[in-house]
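For reference, the chains in residue letters:
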Amino acid sequence: MIFHSKYAEIDINPRQSGASYIGSTHASGACRLGSIPSAPTKKMKKIDYSFKSYREIFVKLFEKEKERILAVLGGADVRIEHIGSTAVPGLGGKGIIDIIVAAEKEKLDQVRAILEELGYEFDADSSMEERLFFRNELSDDLEGVRRYHLHLTFFESGDWFKALAFRDHLLKDASAKK
């Protein structure tokens, strides 16, 4: 399936399992493909998901979390975007706020450590070749606790472009939301 966006023309294909993960570091400090050990994690409680209608609060929740992340990343060269069903008005889903963060490839380990300090739990099993996956649960006036999924990647990764292209496609084409 090919999507067109301001970022690129992207052919979205399913990922193959068994991929290695970005983020491990050579002695030189350069990021390379390789396996990343999972740090000890807190256990997220199991959440029973149900389909939820789109709510305008999703954008505000994303913006609030984006500000919180940027405040601790300081002047780091990163981009933070809202993706997933909560980023697309009119599209229902689980109500999870999906965030994708792109950073310089050689800075991924530093950004990962900061995200973990913010309470994001790294999940090696859900990570992919070009994207690290994290979860967090934050208090929410509407639901008590809301799940956040954060995807950390680098600027040149295909995952970065695909995530943005897919979101943009859904934003532009109402028939794609069905």
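As a starting point, this report considers the structure included with it. (Residues numbered from 1 in each chain as written. Predicted model: local features only at pLDDT ≥ 70, side-chain atom pairs only at ≥ 80, totals over all residues. Heavy atoms only, no water.)

Observations regarding the pairing of strand S6 (residues 97-103)
Taken residue by residue, a regular strand's side chains alternate between the two faces of the sheet.
(1) Moving on: The element S6 is extensively covered by neighbouring structure, given that 7 of its 7 residues are classed as buried.
(2) Moving on: Residue alternation in S6 divides its side chains into two sets, Ile-97, Ile-99, Val-101 and Ala-103 and Asp-98, Ile-100 and Ala-102, and both sets are buried.
(3) Moving on: The pairing of strand S5 (residues 78-83) with S6 spans 6 bridges and is classified as antiparallel. Note on S6: the bridge partner recorded for Arg-79 is Ala-102.
(4) Moving on: Note that S6 and strand S9 (residues 144-154) share 7 bridges and pair parallel. Each bridged residue has a counterpart across the sheet, and for Ile-100 the counterpart in S9 is His-151. (Buried < 20%, exposed > 50% of the residue type's maximum accessible area, 1.4 Å probe, protein only. Helix = DSSP H or I, 4+ residues; strand = E, 2+ residues; numbered from the N terminus. Pairing = 2+ DSSP bridges.)

Remarks on helix H3 (residues 158-172)
(1) Moving on: Taking 1.5 Å of rise per residue, 15 residues should cover 21 Å, and H3 covers 21 Å from first to last C-alpha, within 8% of that figure.
(2) Moving on: Within H3, the full set of buried residues consists of Asp-159, Trp-160, Ala-163, Leu-164, Ala-165, Arg-167, Asp-168, His-169 and Leu-170. (Expected span 1.5 Å × (residues − 1).)

With respect to the side chain of Thr-86
(1) Moving on: Position of Thr-86 relative to the elements: it lies in the loop between S5 and S6.
(2) Moving on: Looking at Thr-86, its side chain comes within polar contact range of the main-chain oxygen of Ile-96, at 3.3 Å.
(3) Moving on: Apart from residues no more than four positions distant in its own chain, Thr-86 is found in contact with Tyr-54, Phe-58, Gly-95, Ile-96, Ile-97 and Asp-98. (Polar contact = N/O pair within 3.5 Å; in protein donor to acceptor, adjacent residues only side chain to side chain. Contact = heavy atoms within 4.5 Å.)

Let's talk about the sheet that holds S5
(1) Moving on: Read from one edge to the other, the open sheet built from 5 strands follows the order S5-S6-S9-S8-S7, with strand pairing classed as mixed. Among the strands making up the open sheet, the edge pair consists of S5 and strand S7 (121-122).
(2) Moving on: Across the sheet, helix H1 (residues 57-73) is in contact with S5, S6, strand S8 (132-140) and S9; its angle to S5 comes to roughly 160°. (Axes fitted to C-alpha atoms, helices over the stretch in contact; angles between N-to-C directions.)

Don't take any of this as a statement about function, it's just geometry.
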